[in-house]
Amino acid sequence: MIIEMSTVSPETSRELSRLGSARGVSVMDAPVSGSTPAAEQGSLTLLCGGEEDSFTTAKAIFAAIGRQYFYLGPSGSGNTMKLVVNTLLGVGMQAIAEAIVLGEKAGLDRQRLLDVLSKTAVIAPAHLGKLTKALEHDYRPEFAVGLMNKDFHLILETAATVRAPMPTAAAAFPINAAEFAEHPDYDFSAVIDRMEDLANVNSANPRS
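Residues numbered from 1 in each chain as written. Predicted model: local features only at pLDDT ≥ 70, side-chain atom pairs only at ≥ 80, totals over all residues. Heavy atoms only, no water.

A.B. asks: I'm lost on the pattern of salt bridges in this one. Help?
C.D. replies: Here the idea is simple: oppositely charged side chains can pair when their charged atoms come close. Enumeration according to the criterion identifies 14 salt bridges in this entry. Residue Asp138 is joined to Arg140 by a salt bridge in which the shortest nitrogen-to-oxygen separation is 2.7 Å. Looking at Asp138, the relative accessible area reads 16%, which means it is buried. For the salt bridge of Glu179 with Arg194, the shortest nitrogen-to-oxygen distance reads 3.1 Å. Note that Glu179 is positioned in helix H9 (residues 167-182) and Arg194 in helix H10 (residues 191-198), a separation of 15 residues in sequence. The residues Glu179 and Arg194 share a single accessibility class, namely buried. One salt-bridge network, in which partners are shared between bridges, spans Lys130, Lys133, Asp138, Arg140, Glu142 and Asp187. (Salt bridge = Lys/Arg side-chain N within 4 Å of Asp/Glu carboxyl O. Buried < 20%, exposed > 50% of the residue type's maximum accessible area, 1.4 Å probe, protein only. Helix = DSSP H or I, 4+ residues; strand = E, 2+ residues; numbered from the N terminus.)

A.B. asks: Help me understand the packing of H9 against H10, please; the structure alone is not making it clear to me.
C.D. replies: Helix-helix packing: each pair is described by the crossing angle between the helix axes and the interaxial distance. Contact pair H9 / H10: the axes reach a minimum separation of 9 Å and the direction vectors enclose 100 degrees. In this view, H9 runs roughly perpendicular relative to H10, as classed from their interaxial angle. Across the interface between the two elements, Ile175, Asn176, Ala178, Glu179 and Glu182 of H9 pack against Val191, Arg194, Met195 and Leu198 of H10. (Axes fitted to C-alpha atoms, helices over the stretch in contact; angles between N-to-C directions. Parallel < 35°, antiparallel > 145°, perpendicular 65-115°, else oblique. Contact = heavy atoms within 4.5 Å.)

A.B. asks: Even after reading the chapter, I still don't get helix H5 (residues 77-105), so can you show me in this structure?
C.D. replies: Residues lying three or four places apart along an α-helix face the same way, a consequence of the helix completing one turn every 3.6 residues. With 29 residues, H5 extends 42 Å from end C-alpha to end C-alpha; this agrees with the ideal 42 Å at 1.5 Å per step. A positive phi of about 105 degrees marks Gly107, the residue just after H5. (Expected span 1.5 Å × (residues − 1).)

A.B. asks: Sorry, what's going on with empty space enclosed by the protein here?
C.D. replies: Over the atoms rolls a probe the size of a water molecule, and its path tells where empty space is left. Applying the stated criterion to the full structure yields 1 cavity of 30 Å³ or more. Within this model, the largest cavity holds a volume of roughly 40 Å³. Lining the largest cavity, in full, are Gly90, Met93, Gln94, Met148, Phe152, Ala172, Asn176, Phe188 and Val191. Among the elements that line the lining of the largest cavity, the one with the most residues is H5, at 3 residues. A breakdown of the residues in the lining of the largest cavity according to their chemical character gives 6 nonpolar, 3 polar and no charged. (1 Å grid on protein atoms, 1.4 Å probe; cavity = no way out; pocket = protein on both sides within 12 Å on 5 of 7 lines; lining within 4 Å. Points joined across faces, edges and corners; volume = space filled by probe spheres on them. Nonpolar A, V, L, I, M, F, W, Y, C, P; charged D, E, K, R; others polar.)

A.B. asks: Explanation requested: the nonpolar core in the structure shown.
C.D. replies: Across soluble globular proteins, nonpolar side chains have a tendency to be buried as a group. Core analysis: the largest hydrophobic core is formed by 31 residues, its most contacted members being Ile96, Ile100, Leu131, Met148, Phe152, Phe188 and Ile192. Listing elements by their share of this core, those giving two or more residues are H5, helix H6 (110-117), helix H7 (125-135), helix H8 (145-162), H9 and H10. Top contributing element to this core by residue count: H5, with 8 residues. Residue contacts for Ile96: discarding those within four places in its chain leaves Leu117, Ile123, His127 and Leu131. Met28, Ala38, Phe55 and Ala58 belong to the second largest nonpolar core, which has 10 residues in total. (Core = buried A, V, L, I, M, F, W, Y, C linked by side-chain atoms within 4.5 Å.)

A.B. asks: Could you clarify how one ought to interpret unusual backbone geometry in this entry?
C.D. replies: Leaving glycine aside, a negative phi is the common case for residues, and trans is the common case for peptide bonds. A positive phi is found at His137, a non-glycine position, where the angle reads about 55 degrees. On the secondary structure map, His137 appears in the loop between H7 and H8. Take His137: its relative accessible area is 22%, and that puts it in the partly exposed class. Of note in the backbone geometry, Arg163 takes a positive phi value of approximately 60 degrees without being a glycine. With respect to the secondary-structure elements, Arg163 resides in the loop between H8 and H9.

Quick look at the structure:
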């Protein structure tokens, strides 16, 4: 058995499965949800596609590295689910960046704005820690903007293939791409900095 844990297109997963099957090898796609801290703590979520018997066989492996693991269906299903999850991750971060800029432009104190926003029910757990780091303009990568950029490509490519309209993802992608072009090693949450630049509220943090 091969467990492929990269985030790639569902079609790539299906092709790997076909190649494996021709050689008597079961190939599962099992991308993970969770950034560096989750990996270090063994609390990743694994999203699995492939043969269900293989999923059952591999549960002991999944349990060693993840807090949760789910069987989604045939080959490619795990990576399809990963793109669904990362759509919310990327689009949600862009929405947060825009909301922060709205507050700043309307006169709210940045520190108070971020502090209160972090205590509201609308901020997802995956985004919560980003607000704390954004207070200090700390965009050291936990999930690099380049990885989010790659996933936006895969999301929109898959959406085009299955004819799913994605206007919000399509609008968020260029902001992510611009940040990736300037700071490829920053965290994906650095779109906050990008939006503050565009809104001319980032003078206290000149960017190199």
